[in-house]
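The chain contents come next:
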Amino acid sequence: MTSIESVTLEVADPTAANRFYTAFGLGTQVRLRASEAPTTGFRGFALSLTVSQPATVNGFIDAALDAGATPLKPASKSFWGYGGVVQAPDGTIWKVATSARKDTGPATRQIEQIVLLLGAADVAASKQFYVDRGLAVAKSFGRKYVEFAAPSCPVKLALYGRRALAKDVGVPADGTGSHRLMLGGDAGSFTDPDGFAWEAVSPAPTP
């Protein structure tokens, strides 16, 4: 089954970005690559960290802010749980959230799941594009949201309407230029309908 094996962020200063992600708690979960590709505004995607409880959300948000992130949405309760949104110094938007509304113990640094949210102009068309390339749908809510199965992969892929995603993370939907993002998977090299590029990467060996 096709899946994401790696996520590479293209940044102007990989050394500075590595310092940020190490302090944030993501030293090994994302790859970094130098790029000067022009980009403005919303890049059309966000990365979401799913954690166990509100205290852990706060820990990650505070660590990101201390390392130089910009707050986009303060951590707060909502009908779906608890979460907040920050923007890393390299421009990448990160959402940290939990479905729990109350703490059940002390905060940890454990990440339950990383979800890559891609903003699509046409969610149904992008869904079909990925299904044709071997991704299996786990959840689908019409033209609003699609989540693909990732039983043993480090990153789960999901599709959101571009404007809905921008609203969810607290930024204007307008943006031009490079996404500054490269996805690695076992389905070969291709570019999806919204301009997100994939490169061929071998699956990680099973322990």
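Above this text sits the structure in question.
Description of the structure in this document.

Scoring rules and cut-offs
Residues numbered from 1 in each chain as written. Predicted model: local features only at pLDDT ≥ 70, side-chain atom pairs only at ≥ 80, totals over all residues. Heavy atoms only, no water. Buried < 20%, exposed > 50% of the residue type's maximum accessible area, 1.4 Å probe, protein only. Helix = DSSP H or I, 4+ residues; strand = E, 2+ residues; numbered from the N terminus. Pairing = 2+ DSSP bridges. Arc of directions from axis to C-beta. Polar contact = N/O pair within 3.5 Å; in protein donor to acceptor, adjacent residues only side chain to side chain. Contact = heavy atoms within 4.5 Å. Core = buried A, V, L, I, M, F, W, Y, C linked by side-chain atoms within 4.5 Å. Phe/Tyr/Trp six-rings, centres within 6.5 Å; stacked < 30°, edge-to-face > 60°. Lys NZ or Arg CZ within 6 Å of the ring centre and 35° of its normal. Expected span 1.5 Å × (residues − 1). Salt bridge = Lys/Arg side-chain N within 4 Å of Asp/Glu carboxyl O.

Here's the deal with the pairing of strand β6 (residues 81-87)
Here is step 1: Across the 7 residues of β6, 6 count as buried, placing the element largely inside the fold.
Here is step 2: Counting the residues between successive antiparallel strands, the hairpin from strand β5 (residues 70-78) to β6 contains 2 residues.
Here is step 3: Where β6 lies against strand β7 (residues 93-98), 6 bridges are found, and the strand directions are antiparallel. Within the sheet, the bridge partner assigned to V85 lies in β7 and is K95.
Here is step 4: Hairpin connection from β6 to β7: 5 residues lie between these consecutive antiparallel strands, with G91 at a positive phi of about 105°.

Section: the environment of G59
Here is step 1: Along the chain, G59 turns up in helix α2 (residues 54-66).
Here is step 2: For G59 and S178, which are 119 residues apart along the polypeptide, the C-alpha to C-alpha distance reads 31 Å.

Description of helix α1 (residues 14-24)
Here is step 1: Where α1 is concerned, the buried positions are A17, F20, Y21 and F24. When α1 is viewed along its axis, its buried side chains cluster within an angular range of 90° and face the same direction. For α1, exposure combined with an orientation more than 90 degrees from the buried face picks out T15 and R19.
Here is step 2: Where α1 begins, one side-chain oxygen reaches toward the backbone nitrogen of T15, 3.2 Å away; that side chain belongs to D13.

A look at unusual backbone geometry
Here is step 1: Although it is not a glycine, R180 adopts a positive phi angle of roughly 55°.
Here is step 2: With respect to the helices and strands, the residue R180 is situated in the loop between β12 (175-177) and β13 (181-185).

A closer look at the side chain of E10
Here is step 1: With respect to the element layout, E10 can be found in strand β1 (residues 4-11).
Here is step 2: Given a relative accessible area of 13%, E10 falls into the buried group.
Here is step 3: E10 has contacts with R33, S35, S178, R180, L181 and M182, leaving out every residue within four places of it along the chain.

Here's the deal with the nonpolar core
Here is step 1: Ranked by internal contacts, the top residues of the largest apolar core, which has 43 residues, are Y21, F24, W94, L116, L118 and Y130.
Here is step 2: The contact partners of Y21, leaving out residues within four places of it in the chain, are L9, L26, G27, V30, L32, A88, D90, T92 and W94.
Here is step 3: Within the second largest apolar cluster, 13 residues are counted, among which are V115, Y145, A158 and A166.

Let's talk about the packing of aromatic side chains
Here is step 1: Applying the stated criterion across every chain, the model contains 13 aromatic pairs.
Here is step 2: Aromatic ring contacts, followed pair by pair, group F20, Y21, F24, F60 and W94 into a single cluster.
Here is step 3: Over the face of the ring belonging to F60 we find R109, whose NZ or CZ atom lies 4.5 Å from the ring centre.

A closer look at α2
Counting along an α-helix, one turn takes 3.6 residues, and residues three or four places apart therefore face a common direction.
Here is step 1: With 13 residues, α2 extends 18 Å from end C-alpha to end C-alpha; this agrees with the ideal 18 Å at 1.5 Å per step.
Here is step 2: Of all the positions in α2, only P54, A55, T56, V57, F60, I61, A63 and A64 are classed as buried.
Here is step 3: Residues of α2 that are buried in the fold lie against α1, β4 (45-50), β5, β6 and β7.

Some remarks on the pattern of salt bridges
Here is step 1: Under the definition given, this model contains 5 salt bridges.
Here is step 2: Its salt-bridge partner being K156, residue E147 comes within 3.1 Å of it at the nearest N-O pair. The same class applies to E147 and to K156, which are both buried.
Here is step 3: A network of salt bridges, in which partner residues are shared, links E10, R33 and E199.

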